[in-house]
Amino acid sequence: MRSCWSRTAAVIRTRLALPGDYRRILQIVQAADGPVRVRAVGEELGLEAVVRGKLEPLRAKLTKLADRGWLYKRFDGRFTARR
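Every value quoted in this text rests on a predicted model; they were computed, and no experiment measured them.

Caption draft 1: Geometry of the overall build of the protein. A tally of regular secondary structure across the protein gives four helices and two strands. Counting helices and strands in the order they occur from the N terminus, the protein gives α-α-α-α-β-β. Here the protein holds 83 residues, and the buried ones make up 25% of them. Carbon and sulfur atoms make up 53% of the accessible area of the protein, which totals about 5900 Å².

Listed below in structure tokens is the structure:
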């Protein structure tokens with residue numbers, strides 16, 4: 001049986017294995033009060049949110065984090081942190 005401490009340490013270690021930009025995206029979504037749109041994350045990262053082409057790579061990263069279980073992608077396209 002694994003202790004709670006080792007499970008927490010494993011999550012932290014795994015999070016540190018993420019590349020820096022993915023960790024920053026994860027922090028932004030986790031710090032939000034509720035579901036966030038890709039545009040809001042892009043604005044927080046300092047991207048030109050009015051240019052759609054600038055947001056598509058970010059959308060792909062958010063989707064990748066959702067596919068791997070770090071985030072949850074809602075039916076309306078917004079993202080929330082897994083709790």
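Once the structure has been displayed, the description carries forward.
Caption draft 2: Helix α4 (residues 52-67), seen in detail. With 16 residues, α4 extends 22 Å from end C-alpha to end C-alpha; this agrees with the ideal 22 Å at 1.5 Å per step. Those residues of α4 that are buried are in contact with α2 (20-31), α3 (38-45), β1 (71-73) and β2 (79-81).

Caption draft 3: A look at the packing of aromatic side chains. Under the definition given, this model contains zero aromatic pairs. The ring of Y22 has K61 sitting right over it, with the charged end atom 5.6 Å from the ring centre.

Cut-offs used in this document
- Residues numbered from 1 in each chain as written.
- Predicted model: local features only at pLDDT ≥ 70, side-chain atom pairs only at ≥ 80, totals over all residues.
- Heavy atoms only, no water.
- Helix = DSSP H or I, 4+ residues; strand = E, 2+ residues; numbered from the N terminus.
- Buried < 20%, exposed > 50% of the residue type's maximum accessible area, 1.4 Å probe, protein only.
- Areas by Shrake-Rupley, 256 points an atom, 1.4 Å probe, with all protein chains shown as cover.
- Expected span 1.5 Å × (residues − 1).
- Contact = heavy atoms within 4.5 Å.
- Phe/Tyr/Trp six-rings, centres within 6.5 Å; stacked < 30°, edge-to-face > 60°.
- Lys NZ or Arg CZ within 6 Å of the ring centre and 35° of its normal.

Read these as spatial facts, not as claims about activity.
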